[in-house]
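Below, each chain spelled out in residue letters.
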Amino acid sequence: MRRLPWLLALALIVALGGAVYWLLATESGLRWVYGELQARWPQQFAIGSLEGRIIGPIEVRDFVYRANGTRVRVAFARLEWTPSALLAGRLQLDELTADGVHVALAHARAEGAPPDLVLPLNVAVDALRLTDLRFERQDGSVYAVRSAELRGFLGQQVARIERLEIDAQNFALRAAGTLGLRAGTEQRLHVDWRAILAG
């Protein structure tokens, strides 16, 4: 009889470990999490196709997000990240790619100075690449960006841009440096750009 509590505790540990593994390391666990989120906010976002695991990689097709009159649609996105970095208070994005990003903008609102940015975690981005971006204004006009790439770090006090490259319809830009995220903090950003004239 003395062994019974130990056996029950062992069975509980095994069951808990199995549940955590199913949630984090299987596609069915990823789909369950999406189902819970979509049920909570059914009008804000939807996904046409979802593959992968929470621990990565994750592939998404036909992602749609709506908020405050703005709609974002992404034809395809792929994410690889390091979940263990969360233990150190850091969201580590190893690779994030997205293609066919269409943003329908709401009417601009006149507001005061933006508030200080406060993040619960530091964010490290090793490789971010976006292709085929389109920004649609309320009047129907569309501004196209062929590609945008970023490598950097976003902390509590400062954003460090190691590499930013943007190839748009009428300009190309490269930038690197640091940006303070608090009012009055020093900004050091080096930017090279060139205009692309319509031929």
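The rules behind the values
Residues numbered from 1 in each chain as written. Predicted model: local features only at pLDDT ≥ 70, side-chain atom pairs only at ≥ 80, totals over all residues. Heavy atoms only, no water. Helix = DSSP H or I, 4+ residues; strand = E, 2+ residues; numbered from the N terminus. Buried < 20%, exposed > 50% of the residue type's maximum accessible area, 1.4 Å probe, protein only. Contact = heavy atoms within 4.5 Å. Phe/Tyr/Trp six-rings, centres within 6.5 Å; stacked < 30°, edge-to-face > 60°. Lys NZ or Arg CZ within 6 Å of the ring centre and 35° of its normal. Salt bridge = Lys/Arg side-chain N within 4 Å of Asp/Glu carboxyl O. Polar contact = N/O pair within 3.5 Å; in protein donor to acceptor, adjacent residues only side chain to side chain. Pairing = 2+ DSSP bridges. 1 Å grid on protein atoms, 1.4 Å probe; cavity = no way out; pocket = protein on both sides within 12 Å on 5 of 7 lines; lining within 4 Å. Points joined across faces, edges and corners; volume = space filled by probe spheres on them. Nonpolar A, V, L, I, M, F, W, Y, C, P; charged D, E, K, R; others polar.

### Examining the environment of Leu-24
Residue placement: Leu-24 occurs in helix H1 (residues 3-25). Since its relative accessible area comes to 33%, Leu-24 is described here as partly exposed. Leu-24 sits 31 residues away from Ile-55 along the chain, and the two C-alpha atoms are 5.7 Å apart. The contact partners of Leu-24, leaving out residues within four places of it in the chain, are Arg-53, Ile-54 and Ile-55.

### Brief notes about the packing of aromatic side chains
Taken as a whole and judged by the stated rule, the model has 2 aromatic pairs. Plain terms: the ring middles of Tyr-34 and Phe-45 are 6.0 Å apart, the flat faces sit at 65 degrees to each other, and that makes the pair edge-to-face. Placement of Tyr-34 in helix H2 (residues 27-40) and of Phe-45 in strand S1 (residues 45-52) is noted, with a sequence separation of 11 residues between them. For Phe-45, a relative accessible area of 13% puts it in the buried group. The ring of Trp-41 is capped by Arg-40, whose NZ or CZ atom sits 5.7 Å from the centre of that ring.

### Notes on the pattern of salt bridges
Throughout the structure, instances matching the rule amount to 13 salt bridges. Between Glu-149 and Arg-129 there is a salt bridge, with its nearest N and O atoms 2.1 Å apart. Separated by 20 residues along the polypeptide, Glu-149 in strand S6 (residues 142-154) and Arg-129 in strand S5 (residues 122-136) bring together distant segments of the chain. A salt bridge links Glu-165 to Arg-174; the shortest N-O distance between them is 3.8 Å. Among the ionic contacts, a cluster of salt bridges with common partners joins Arg-129, Glu-149, Arg-163, Glu-165 and Arg-174.

### Some details on the side chain of Thr-26
Among the secondary structure elements, Thr-26 is positioned in the loop between H1 and H2. Within the structure, Thr-26 has its side chain in polar contact with the backbone oxygen of Trp-22 (distance 2.4 Å). Here Ser-28 takes part through its side chain, which lies 3.2 Å from a polar atom of the side chain of Thr-26. In contact with Thr-26, other than residues within four places in its own chain, are Tyr-21, Gly-52 and Arg-53.

### Re the pairing of strand S2 (residues 58-67)
The two faces of a sheet get side chains in turn, since along a regular strand they alternate between them. Both S1 and S2 contribute to a ladder of 7 bridges, which runs antiparallel. For Ser-49, the partnering residue across the bridge sits in S2 and is Arg-61. In terms of strand pairing, S2 meets strand S3 (residues 70-82) through 9 bridges, oriented antiparallel. Counterpart to Glu-59 in the pairing with S3 is Arg-78. With antiparallel pairing between neighbouring strands as the criterion, S2 and S3 make up a hairpin whose turn holds 2 residues, including Asn-68 at a positive phi of roughly 55 degrees.

### Thoughts on the environment of Glu-27
With respect to the helices and strands, Glu-27 occurs in helix H2. Residue classification places Glu-27 among the partly exposed residues on the basis of a relative accessible area of 34%. Here the alpha-carbon distance between Glu-27 and Leu-50, two residues 23 residues apart in the chain, equals 8.6 Å. Filtering out sequence-adjacent residues up to four positions away, Glu-27 remains in contact with Leu-50, Glu-51, Gly-52 and Arg-53.

### Focus on the layout of surface pockets
Approximately 390 Å³ is the volume found for the largest pocket. In terms of lining, the largest pocket is formed by 17 residues, of which the most central are Leu-30, Val-33, Leu-37, Ile-47 and Ile-58. Contributing elements (two or more residues each) for the lining of the largest pocket: H2, S1, S2, S3 and strand S4 (90-104). Classifying every residue of the lining of the largest pocket gives 17 nonpolar, no polar and no charged.

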